[in-house]
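Structural overview
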Amino acid sequence: MYHQPVLKNRRTLLERAEKFISGIYFTDCNLRGRLYGDSSPLETLSSFLSPKRITFTEASQQTFVPYKVGDTFGPTWWTCWFKVTLKIPESWKGKEVHLLWESDGEAMVWRDEQPVQGLTKDGEKTSYILSDCLADEDPHSVTLYVEVACNGLFGAGQGSMIAAPDPNRRFSVQKAELVVFNHDVQDLLTDFEMLIDIVKELGEGEQRGYQALFTVNEMVNLCDPSDPSSFSKAHSLAHFFFSQRNGESQHTVHAMGHCHIDSAWLWPYEETIRKCGRSWVTVIRLMEKNPDFVFTCSQAQQFQWVKSWYPGLFSQIQHYVKKGKFIPVGGTWVEMDGNLPSGESMVRQFLQGQRFFSHEFGIHCKEFWLPDTFGYSAQLPQIMRRSGISNFLTQKLSWNLVNTFPHNTFFWEGLDGSKVLTHFPPGNSYEMKGKVEELVKTVKNNKDKGRANHSAALFGFGDGGGGPTQLMLDRLHRVQDTDGLPKVQTSSPDQLFSQLQADSALLCTWTGELFLELHNGTYTTQAQIKRGNRQCEVLLHDIEIASSLALCRNGTFQYPVGKLQELWRLLLLNQFHDVIPGSCIEMVVEDALRYYEDICSDGAALLHDALGALGSKGLSTGVFNSLPWERHEVIQIQDSAGSPGLALVRVPSIGLSPVKDTQPVAPVSVTSRADGTVVMENGILQIVINKDGTLASLYLINADREAISESCQGNQFIMFDDVPLYWDAWDVMDYHLQTRKPVVEVVQPPHVVSSGGLRGSVRFTLRISEKSTITQEIVMDAMCPCIKFNTEVKWAESHKFLKVEFPVRVHSPSATYEIQFGHLQRPTHRNTSWDWARFEVWGHKWADLSEHNFGVALLNDCKYGYSVHKNTMTLSLLRAPKAPDVNADMGTHHFTYAVMPHRGSFQEASVIQSAYNLNFPLRSMRCPAETEPWSGFSVSTAAVILETIKQAEGRRGALVVRLYESHGSSVTATLSTALPVKEAWHCDLLERDDPTQPAHITSEGITLNFSPFQIVSLLLIL
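Residues numbered from 1 in each chain as written. Predicted model: local features only at pLDDT ≥ 70, side-chain atom pairs only at ≥ 80, totals over all residues. Heavy atoms only, no water.

**Some points on the overall build of the chain**
When its secondary structure is counted, the chain shows 18 helices and 56 strands. The C-alpha atoms of the chain give 32 Å as radius of gyration, which agrees with the globular expectation for 1022 residues (31 Å, within 12%). Projected onto the principal axes, the alpha-carbon positions of the chain cover approximately 100 × 65 × 60 Å. Considering the chain as a whole, with its 1022 residues, one finds that 62% of them fall into the buried category. For the chain, the share of sequence-separated contacts (at least 6 apart) that also reach a separation of at least 24 residues comes to 74%. Of the roughly 37,500 Å² of accessible surface on the chain, a fraction of 49% belongs to carbon and sulfur atoms. When the 92 basic and 114 acidic side-chain charges of the chain are each reduced to a single mean position, those positions are 0 Å apart. (Helix = DSSP H or I, 4+ residues; strand = E, 2+ residues; numbered from the N terminus. Rg over C-alpha atoms; globule rule 2.2 N^0.38 Å. Buried < 20%, exposed > 50% of the residue type's maximum accessible area, 1.4 Å probe, protein only. Contact = heavy atoms within 4.5 Å. Areas by Shrake-Rupley, 256 points an atom, 1.4 Å probe, with all protein chains shown as cover. Lys, Arg positive; Asp, Glu negative; His and termini not counted. Charge placed at Lys NZ, Arg CZ, Asp CG, Glu CD.)

**Describing the pairing of strand β28 (residues 685–689)**
By the criterion of burial, β28 is predominantly enclosed, with four of the five residues buried. As defined by bridge partners, strand β27 (residues 678–681) adjoins β28 across four bridges and the pair is classed as antiparallel. In the strand pairing of β28, Val679 is matched with Val688. Turn length for the β27-β28 hairpin, with the two strands adjacent in sequence and antiparallel, is three residues, and the turn residue Gly683 shows positive phi of about 85°. For β28 and strand β29 (residues 695–700), the ladder comprises five bridges, and the chain directions are antiparallel. In the strand pairing of β29, Gln686 is matched with Tyr699. Taking the residues that link successive antiparallel strands as the turn, the β28-β29 hairpin has five residues, and the phi of Gly693 there is positive, at about 85°. (Pairing = 2+ DSSP bridges.)

**Some details on the pairing of strand β2 (residues 44–50)**
With five of seven residues buried, β2 lies mostly within the body of the structure. For β2 and strand β3 (residues 65–66), the ladder comprises two bridges, and the chain directions are antiparallel. Looking at the pairing, Ser46 lines up with Pro66 of β3.

**Notes on a nonpolar patch on the surface**
Taken together, the side chains of Met161, Leu725, Tyr726 and Tyr735 present a nonpolar region at the surface, about 400 Å² in accessible area. Its location among the elements puts Tyr735 in the loop between β31 (716–721) and β32 (741–742). (Patch = residues over 30% accessible without salt bridge, like charges linked within 9 Å, V, L, I, M, F, W, Y side chains within 5 Å. Salt bridge = Lys/Arg side-chain N within 4 Å of Asp/Glu carboxyl O.)

**Considerations on the side chain of Asn520**
On the secondary structure map, Asn520 appears in the loop between β21 (509–511) and α14 (527–553). Its relative accessible area of 3% is what places Asn520 among the buried residues. Once you skip the residues sitting within four places of it in the chain, Asn520 turns out to touch Trp730, Val732, Ala837, Phe839 and Glu840.

**Side note on the packing of aromatic side chains**
Overall, the coordinates contain 53 aromatic pairs when judged by the stated rule. Look at Trp727 and Trp730: their rings are 4.9 Å apart centre to centre, the planes differ by 75°, and that puts the pair in the edge-to-face class. Here the two residues Trp727 and Trp730 agree in accessibility, since each one is buried. Grouping aromatic residues by their ring pairs yields a cluster made of Trp280, Phe293, Phe295, Phe303, Phe314, Phe326, Trp333, Phe356, Phe357, Phe361 and Phe459. For Lys863, the ring lying beneath its charged end belongs to Phe895, and the centroid distance is 4.5 Å. (Phe/Tyr/Trp six-rings, centres within 6.5 Å; stacked < 30°, edge-to-face > 60°. Lys NZ or Arg CZ within 6 Å of the ring centre and 35° of its normal.)

**Some remarks on the side chain of Lys950**
Secondary-structure assignment places Lys950 in strand β49 (residues 944–951). Here Glu991 takes part through its side chain, which lies 2.6 Å from a polar atom of the side chain of Lys950. (Polar contact = N/O pair within 3.5 Å; in protein donor to acceptor, adjacent residues only side chain to side chain.)

**Description of the packing of helix α6 (residues 269–289) against helix α8 (residues 311–322)**
Two elements in contact, α6 and α8, have axes whose closest approach is 10 Å; the angle formed by their N-to-C orientations is 45°. On the basis of the axis angle, α6 is oblique to α8. Classified by chirality, the crossing of α8 by α6 is left-handed. Where α6 abuts α8, its residues Gly277, Trp280, Val281, Ile284, Arg285, Met287 and Glu288 lie against Leu313, Gln316, Ile317 and Tyr320. When the residues that make up the contact of α6 with α8 are grouped by side-chain class, the tally is seven nonpolar, two polar and two charged. (Axes fitted to C-alpha atoms, helices over the stretch in contact; angles between N-to-C directions. Parallel < 35°, antiparallel > 145°, perpendicular 65-115°, else oblique. Left-handed = near helix turned anticlockwise from the far one by under 90°. Nonpolar A, V, L, I, M, F, W, Y, C, P; charged D, E, K, R; others polar.)

**Notes on the nonpolar core**
Of all hydrophobic cores here, the largest spans 266 residues; its most connected members are Trp280, Phe326 and Leu802. For this core, the element with the most residues is helix α16 (residues 586–614), which contributes twelve residues. When near neighbours in sequence (up to four residues on either side) are disregarded, Phe326 contacts Trp280, Val283, Ile284, Met287, Phe295, Cys297, Phe303, Ile317, Tyr320 and Val321. Membership of the second largest hydrophobic core comes to 30 residues, among which are Val109, Tyr128, Val146 and Val148. (Core = buried A, V, L, I, M, F, W, Y, C linked by side-chain atoms within 4.5 Å.)

**A closer look at helix α18 (residues 911–919)**
An α-helical segment advances 3.6 residues per turn. Residues three or four places apart therefore align on the same side. Most of α18 is tucked away: eight of the nine residues are buried. Taken together, the buried positions of α18 are Val911, Ile912, Gln913, Ser914, Ala915, Tyr916, Leu918 and Asn919.

**Side note on the sheet that holds strand β7 (residues 106–111)**
The antiparallel open sheet is built from six strands, whose spatial order is β3-β2-β5-β10-β7-β8. Of all the strands in the sheet, just β3 and β8 (114–119) have a single pairing partner and so form its edges. Sheet strands touched by α6: β5 (79–87), β7, β8 and β10 (141–149). Its angle to β8, the strand with the most contacts, is close to 90°.

**Thoughts on the environment of Arg386**
Within the element layout of this structure, Arg386 appears in the loop between α10 (380–385) and β16 (391–393). For Arg386, a relative accessible area of 28% corresponds to the partly exposed category. As for Arg386 and Ile1015, which are separated by 629 residues in sequence, their C-alpha atoms are 8.7 Å apart. Not counting residues within four places of it along the chain, the set of residues in contact with Arg386 comprises Asp988, Leu989, Leu990, Gln1014 and Ile1015. A polar atom in the side chain of Arg386 sits 3.4 Å from the backbone oxygen of Ile1015.

**A word on the pattern of salt bridges**
For the structure shown, the criterion picks out 53 salt bridges. For Glu102, the salt bridge goes to Lys175, with nearest N and O atoms at 4.0 Å. Within this pair, whereas Glu102 is found in strand β6 (residues 96–103), its partner Lys175 is found in strand β11 (residues 171–181), the two being separated by 73 residues in sequence. A residue is classified by how much of its surface remains accessible, and Lys175, at 35% relative accessible area, is partly exposed. Note that Asp721 is salt-bridged to Lys800, the shortest N-O span being 2.5 Å. Here Asp721, found in strand β31, pairs with Lys800, found in strand β37 (residues 800–807); they are 79 residues apart in sequence, far enough to count as distant. Residue Asp721 is classed as partly exposed on the basis of its relative accessible area, which comes to 26%. A network of salt bridges, in which partner residues are shared, links Arg53, Glu106, Glu147, Glu270, Glu271, Arg274, Lys275 and Arg278.

**Considering the environment of Gly330**
With respect to the helices and strands, Gly330 occurs in the loop between β14 (326–329) and α9 (343–361). In this structure the C-alpha to C-alpha distance between Gly330 and Lys366, which are 36 residues apart in sequence, comes to 7.6 Å. With sequence-adjacent residues up to four places away left out, Gly330 is seen in contact with Phe350, Cys365, Glu367, Phe368, Trp369 and Ile389.

**Quick word on unusual backbone geometry**
Omega for the peptide link from Gly74 to Pro75 comes to 5°, which places this bond in the cis form. Within the element layout of this structure, Pro75 appears in the loop between β4 (72–73) and β5. The phi dihedral of Lys870 falls on the positive side, at around 55°, and the residue is not glycine. Along the chain, Lys870 falls in the loop between β43 (865–869) and β44 (872–879).

**Here's the deal with the environment of Glu586**
Relative to the helices and strands, Glu586 is located in helix α16. Judged by relative accessible area, Glu586 falls into the partly exposed class, the value being 32%. In the structure, Glu586 is positioned 137 residues away from Lys449 in sequence and 45 Å away in space, judged by C-alpha atoms. Apart from residues lying up to four places away in sequence, Glu586 is in contact with Asp885 and Asn887. Here Asn887 takes part through its side chain, which lies 3.2 Å from a polar atom of the side chain of Glu586.

Honestly, it's all geometry; don't read function into it.
Set out below in structure tokens:
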């Protein structure tokens, strides 16, 4: 094979080959320098600048002025449209002709009023193919439009990728010309590149690496860049090498094209729509040329955007979906955060996503696809299984800061025992490039060698879009079965998971949450987004329940199907994994907050209509309770003169009642003492408030127990320095705990605002710094088992973290945190590195620390970050990162948290119910004076919570109710209802009823059996 023996000087031969294809060195005489042949200037190039993103029709009617290559345009987020007229020289007949276009903005080529190609320098797409082989009948004179966004693939960060965008960046087109593209040169370059990479990756210890080295060296000998007739001999050598096959036992890599597009991140939502268009039209072009190419694509929202902005492209996508080449995956509306959305929100992600995919494509996703989210709730396996999904793909746990996750392919078992087959691609990426290095890494990194011999490789530029390129496909095509490398097959998620399932006998099981040991600042960053999310989840819950009841009690009421879907989809969009975590730029925050405002204003009108229909438009004041237990609470009312007042009301479960003021068993007393402290008592609790607003005592009267640790204070605000290593909005590092500084400066000492009776309250103000203050009202209500802290913070800090601490008299090795449809325990000690890595964790409405027969719960109305170490319970309140939003969290914040000491377990003490009560207010309504208290639904046991009542999707005269077991117990419950239910069926989360599973209706109601943390959905036919 070789003419002369070659010295085994690996370095010189390797570098010789590298220089032969270099784009920097020796391009006058090497192969890379021959990639393009003749070039020809464009006939005309003119431009038009728009501050807004506009349609093609509107853009094409504007006045275009001449543009010179190299001239700048901008600023950031504007759009520059170019009109290109070109004439292909007749002499180029038989040649492959490209429009070469290099710009630092993301571009879309339009031809005949349709989008035809995305161009992004960062995404290695700089040419639009005008003809594969120019023929006489091909158009030689062409007019194109190029839409250039004034942002790059990753936005426009000032100085670093995640810095806040530079608002005044200028952009330019560096190249715009016609060229002859030498495809045979490109093919040979790919051969060289793959062989060189095999030499490097297999290293000096592998014979196969030396075979690649000598092959590539001989190819340089045979190849004369100036003589294309010499190429075929070199190509044959490469082909011979690549065709030497593997043994049967070799690992198989399932290659799937992918283009992870963040629905918003370092760019606004509206730019994402264009990213989808640019990326997906490019995928369609690749499919036209590569019949084997398979592309996976998640997020129903993005398909919806493309359908409305690019209808022609959408119908092409539908065509390739039918052919099984363009594969919708994931089954959710967006790739949502895996920690913060409520259980019902997660259900709606699947309900909206799966229904969209079914309606538009006639398909049902069997895999959940969430490669880039910051941790995964222990309830996800059950939610997946009940949404018709049995497989799960992600890779984010490879980002763990402390511990290496022990598996790549395994069964993940959730809180209730549901299991899903789970795969983490061992290459630890969802944006591979088809390179040898990635294939070798995929095999080496596989932590389940011997158990699983198949894994995924997702290839294509991602995060900011871009997707696969022809070069990536060519690379993978060469090494489908090459000795020394894993086998590579073009595949689909279905093929991969079928293969993994078939070989699953030896797979391990991981039980409980998949906690990401990184990005735990995202439980707190952008507090206004967290608050908007919680408030909108509560509002939509109440609208659906009130509307469902109104539907049954008022014959003229119309359930607001269309409007509710619109509001839910907005809420689900904001749960995207860079929006609700707060790891996005300021423009996205502004959009998100505006969406929450829209949900609140439109939702308030829907709720008003539903409550009006429910209360028959009476003139007396009534109260609506959307929760499934009777509530006895103090509420604010207006008397007949319109003056504000208080009333203690009793409202039945999921029902309404006129306001009838009842007297408390024990009124609230408030006593100011000579030493400046204030004592409050309501027959359940007695508290002593210090002169600085901290709690000296929190005493549970009937248990005769003090809850605050000896010589400590409860409600102690603490400031920490908060400077992470890189990911500013994302990360809080363990070392921040060493910078603890209590907030002690009193601006206004505690003074009595409300002196007792139904409510006692005390207000005070603290200074955090010259720029920031805390004003708090501590509220004690009659009959209420918890103390509320209504808090206003004026916040203007930089890289600081505000928390509040409650050191309590409880000794326990674990604390309990509410998650979606349940709760879980996490250690309060730091024995192992796995425990230590959870110094900051997430939870929902409550966390509890209990020993036998006594405990303390911390409740909140919009916070998600917690820490319980030893006996100190901490709630995370505010952060102040400066990237990617330089103004993150600056301004005024309002939030409420509460503390609840209790006897017995938190289950027996109704901590769960108290946390719901804090979050779901009793709603004022009008009703006739003679209205009797009325309950629509009730449940026979406190362990089972009726979470949702809504109209069934696409079915009038049917409701869906969703319940879950909240205590972690096996229990039988009876669901009673005043509604005229004809029949009841068990259904899944997609509301598909199971004809083999009727629900048993008796005179008492519907009897249901629950296992711990089980979610049960029923279809009620009225």
